[in-house]
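Listed below, chain by chain, are the residues.
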Amino acid sequence: MNFLSAVNWAVVGPIIGVAAAGVILLLVALFAVKKKPKANPGGDADRQLVDQNAKAVDILIAIVTIEEGKAALAEFRDKLKFLMPSGTDEAFQKDSKIKNMLDDFKIAVTRKPDDMNVISTNIRDIEIVIAERNANA
């Protein structure tokens, strides 16, 4: 009986070893496959950034001295206010870019608060970034 057990293990042992190695390789391959990008855990940070951008437009409305500019900014503020927060890093980067553009916009409007060309150009530039953000979200 010992002889048969030894023969069985001599035949079955390598088969079990190869099968175990195959299972291990399969598991490694499954975990090594590129995973779907996870949502940004800072989704709240993205929401805060969207809100902050909308509030920045309120400041711009206070700085602008012409009614036509105030009306254009109020309409633009609604576009920013109702952006859907996205958990992706790409959307967060676009929102950060919008924030930086709004900071530059504040500087430009502070220098020329009655220049509609400055107002409309900056709004158009930021709307392009918003469209890019929405296209990739």
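Note that this is a predicted model, so its numbers are computed, not measured.

### Describing the overall build of the chain
Piece 1. Looking only at helices and strands, the chain has five helices and zero strands in total.
Piece 2. Written out in order from the N terminus, the α and β elements of the chain read α-α-α-α-α.
Piece 3. Evaluated residue by residue, the chain yields a buried proportion of 24% over its 137 residues.
Piece 4. At a minimum sequence separation of 6, the contacts of the chain that also span at least 24 residues come to 77%.
Piece 5. If you sum the accessible surface of the chain, you get close to 9,200 Å²; carbon and sulfur atoms cover 63% of it.

### Some thoughts on the side chain of N53
Piece 1. When you line up the elements, N53 lands in helix α2 (residues 43–63).
Piece 2. Setting aside its immediate chain neighbours within four residues, N53 contacts L80, D95, I98, K99 and L102.

### A few points about the confidence of the model for the chain
Piece 1. Averaged over all residues, the pLDDT of the chain is 80; the fraction at 70 or higher stands at 69%.
Piece 2. Low pLDDT, under 50, characterises residues 34–41; the stretch is placed with five contacts to residues that sit more than four places away or in other chains.

### Brief notes about the pattern of salt bridges
Piece 1. In total, this model carries seven salt bridges according to the counting rule given.
Piece 2. For K79, the salt bridge goes to E127, with nearest N and O atoms at 2.6 Å. Placement of the pair is K79 in helix α3 (residues 67–81) and E127 in helix α5 (residues 116–136), with a sequence separation of 48 residues.
Piece 3. By relative accessible area, which is 40% here, K79 ends up partly exposed.
Piece 4. A single network of salt bridges, built from pairs that share partners, joins K99, D103 and K106.

### Focus on the packing of α3 against α5
Piece 1. At a minimum axis distance of 10 Å, the contact between α3 and α5 shows a crossing angle of 10°. Between α3 and α5, the angle falls in the class roughly parallel. Only M116, I119, I123, I126, E127 and I130 of α5 make contact with α3, whose side of the interface consists of E68, G69, A72, L73, F76, K79 and L80.
Piece 2. Residues belonging to the contact of α3 with α5 are distributed by class as follows: nine nonpolar, one polar and three charged.

### Notes on the packing of helix α4 (residues 89–111) against α5
Piece 1. Close contact between α4 and α5 brings their axes to 9 Å; oriented N to C, the two are set at 175°. The angle between α4 and α5 falls in the class roughly antiparallel. Within the contact between the two elements, α4 uses E90, A91, K94, D95, K97, I98, M101, L102, F105, A108 and V109 and α5 uses V118, I119, N122, I123, D125, I126, V129, I130, E132, R133 and N136.
Piece 2. Here the contact of α4 with α5 is composed, by residue class, of 13 nonpolar, two polar and seven charged.

Calculation criteria
- Residues numbered from 1 in each chain as written.
- Predicted model: local features only at pLDDT ≥ 70, side-chain atom pairs only at ≥ 80, totals over all residues.
- Heavy atoms only, no water.
- Helix = DSSP H or I, 4+ residues; strand = E, 2+ residues; numbered from the N terminus.
- Buried < 20%, exposed > 50% of the residue type's maximum accessible area, 1.4 Å probe, protein only.
- Contact = heavy atoms within 4.5 Å.
- Areas by Shrake-Rupley, 256 points an atom, 1.4 Å probe, with all protein chains shown as cover.
- pLDDT = per-residue confidence, 0-100.
- Salt bridge = Lys/Arg side-chain N within 4 Å of Asp/Glu carboxyl O.
- Axes fitted to C-alpha atoms, helices over the stretch in contact; angles between N-to-C directions.
- Parallel < 35°, antiparallel > 145°, perpendicular 65-115°, else oblique.
- Nonpolar A, V, L, I, M, F, W, Y, C, P; charged D, E, K, R; others polar.

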